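# A structural walkthrough
Below are the chains, spelled out letter by letter.
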Amino acid sequence: MAYSGEWRTEQALLQRSSERRSYGLLTQFAVATLGISVFVSGLWGLGYLYEKLDVPIALIGVDGTIRHISSTDVEDIVAANLGGGFLSLDLDRIRAGLEGHPWVESASARRKWPNELVIVIREETPIARWGDSGFLNNRGQALDLGVAAELEGLPLLAGPEGMQRRVMQQYRIFTQLLQSTEMKIIEFRMGERGGWHLRFENGPTLVVGRSQVTEKIQRFLRVWDKALRVRFDQIDNIDVRYGNGVAVRWKEKQKP
């Protein structure tokens, strides 16, 4: 009988252990179910909140000094690339659309609570005309600006097609080298063989050639200061392609 009592005791312990395991499983299931419910409810709440906050854009603000781009152009570009509300709009798409405008050098877009889109635009700055109808910025990039009468006073740069960057680079170097003369370059050309030709405002042309440019300009400046400055308006052409000298062609009836 002692053995039977021990057996009944062990059986009771096993039963209580089984009940505890069942209770634990039920508790874990209940906690998991509650967690899933909370998670699903949270997702639903976030979705609901997102829909409430994703309101249509009511105001477009533009920062930056803009002279050549109309507000209508900006609005049309933004409208074509908006594609969403305050939260769902694609800022990169709007920026890319704005930078596709020929007068826009760079652009950015950001949200402003609660329903505003702020655009920052930096306009291109044409530095020179290129050929018959084009324009260049300070990096030598071609700008398709159409007819721009207010830009007719810019210097004219020309050269073989595809050499815009090279010509602009050399134009800036020449401008710096000649800064002390206070002469304004109004034409700057690269010849087919790579030589450089300049024309000054109310003054002569300067033929430099394609090699040893810095040395040639320095030689020209020495002669300019000593002999040519006082007779600037009488000179038709100056040629510094020679090894040790400067050739001067005088205007008719102005020869020394």
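Structure: see above.
What comes next concerns the included structure. Counting restarts for each chain, with residues numbered from 1 along the sequence as it is written. Reporting of local features is limited, given that this is a predicted model, to residues whose pLDDT is at least 70; pairs of side-chain atoms are given and counted only at 80 or more, and all residues count toward the totals for whole chains, interfaces and linings. Calculated side-chain values reflect all of the structure's heavy atoms, with hydrogen atoms and water omitted.

This part covers the overall build of the protein. Helical segments are the DSSP runs of H or I of at least four residues, strand segments are the runs of E of at least two, and each set is numbered from the N terminus. When helices and strands are counted, the protein shows 5 helices and 12 strands. A total of 256 residues make up the protein; the buried ones form 32% of that total. Contacts were defined at the residue level, with two residues in contact if any of their heavy atoms lie within 4.5 Å. Taking the intrachain contacts of the protein between residues at least 6 apart in sequence as the baseline, contacts between residues at least 24 apart amount to 49%. For each residue, the accessible area found with a 1.4 Å probe, counting protein chains only, is set against the maximum for its type, and the residue is called buried under 20%, exposed over 50%, and partly exposed in between.

Further remarks concern the packing of aromatic side chains. For Phe, Tyr and Trp, where Trp contributes only its six-membered ring, two rings pair if their centres lie within 6.5 Å, and the inter-plane angle classes them as stacked under 30 degrees, edge-to-face over 60, or tilted in between. This structure, assessed with the given rule, holds 7 aromatic pairs. A ring pair is formed by F188 and W196, whose centres lie 5.2 Å apart and whose planes are at 20°; its orientation type is stacked. We classify F188 as buried; its relative accessible area is 0%. Clustering of aromatic rings is evident, with ring pairs tying together Y171, F174, F188 and W196. Working rule: Lys NZ or Arg CZ, within 6 Å of ring centre, within 35 degrees of ring normal, means a charge sits over the ring. In this arrangement the basic side chain of R231 is found over the ring face of W250, its NZ or CZ atom lying 4.2 Å from the centre.

Here we take up unusual backbone geometry. Cis geometry is adopted by the peptide bond preceding P114, which originates at W113 and carries an omega value of 5°. Here P114 is to be found in the loop between strand 2 (104–112) and strand 3 (116–123). Phi angles above zero are rare outside glycine, and N202 is one such case at about 55°. Positionally, N202 belongs in the loop between strand 9 (196–200) and strand 10 (205–209). Using a relative accessible area of 68% as the deciding quantity, one classes N202 as exposed.

Put simply, the grid is 1 Å and covers the protein atoms alone, a cavity is a trapped set of points that fit a 1.4 Å probe, a pocket is an open set with protein on both sides within 12 Å along at least five of seven lines, and lining residues have an atom within 4 Å of a point. Grid points are joined across faces, edges and corners, and a volume is the space filled by probe spheres set on the points. Its boundaries defined by the atoms lining it, the largest pocket holds a volume of some 150 Å³. Contributing to the lining of the largest pocket are T65, R67, H68, W103, E123, E124, T125, P126, E150 and L151. Here the residues of the lining of the largest pocket sort into 3 nonpolar, 3 polar and 4 charged. For this scheme, ten residues count as nonpolar: Ala, Val, Leu, Ile, Met, Phe, Trp, Tyr, Cys and Pro. Four count as charged, namely Asp, Glu, Lys and Arg, and the remainder, Gly too, count as polar.

In this analysis, strands are considered paired if DSSP registers two or more bridges between them. If you trace the 3 strands from one edge of the open sheet to the other, you get 1-3-2, paired in mixed fashion. Only two strands of the sheet have a single neighbouring strand rather than two, namely strand 1 (59–63) and strand 2. Averaged over neighbouring strand pairs, the angle between their axes works out to 20° when direction is ignored. Pairing between strand 2 and strand 3: 8 bridges, direction antiparallel. Among the inter-strand pairings, R110 is bridged to a residue of strand 3, identified as V118. Only the stretch in contact is used when fitting a helix axis, every axis being a line fitted to C-alpha atoms; angles between N-to-C directions are given from 0 to 180 degrees. On top of the sheet, helix 3 (residues 91–99) reaches strand 2 and strand 3; it is set at about 150° to strand 2, its chief contact.

It is worth spelling out the pattern of salt bridges at this point. Only one rule defines a salt bridge in this text: a Lys or Arg side-chain nitrogen within 4 Å of an Asp or Glu carboxyl oxygen. Considering all chains together, one arrives at 9 salt bridges under this definition. E105 is the partner of R139 in a salt bridge, and the nearest nitrogen-oxygen pair spans 3.3 Å. Of the two residues, R139 is situated in the loop between strand 5 (134–136) and strand 6 (142–143) and E105 in strand 2; the sequence distance between them amounts to 34 residues. Looking at E105, the relative accessible area reads 25%, which means it is partly exposed. Note that R189 and E187 form a salt bridge whose closest N and O atoms lie 3.4 Å from each other.

Reading across the sheet, the 9 strands line up as 6-5-4-7-8-9-10-11-12 and stay open at both edges, with mixed pairing between neighbours. Across the chains shown, the open sheet's two edge strands, defined by having one partner strand only, are strand 6 and strand 12 (247–250). Packing against the sheet, helix 4 (residues 164–177) makes contact with strand 4 (128–130), strand 5, strand 7 (156–158), strand 8 (185–190), strand 9 and strand 10, and its axis sits at approximately 135° to strand 8.

If you trace the backbone, Q170 turns up in helix 4. Leaving out residues up to four positions away in the same chain, Q170 has contacts with F188 and W196.

Turning our attention to the packing of helix 2 (residues 71–81) against helix 3. Running from amino to carboxyl end, helix 2 crosses helix 3 at an angle of 140°, the nearest separation of the two axes being 9 Å. Taken together, helix 2 and helix 3 sit at an angle that is classed as oblique. In the crossing of helix 2 with helix 3, the sense of the turn from one axis to the other is right-handed. Every residue of helix 3 that contacts helix 2 at V74, I77, V78, A80 and N81 is listed here: R93, I94, G97 and L98. Grouping the constituent residues of the contact of helix 2 with helix 3 by class yields 6 nonpolar, 2 polar and 1 charged. An angle below 35 degrees is read as roughly parallel, one above 145 as roughly antiparallel, one from 65 to 115 as roughly perpendicular, and any other as oblique. By convention, the crossing between two helices is left-handed when the near helix turns anticlockwise from the far helix through less than a right angle, and right-handed when the turn is clockwise.

In short, geometric facts, not functional conclusions.
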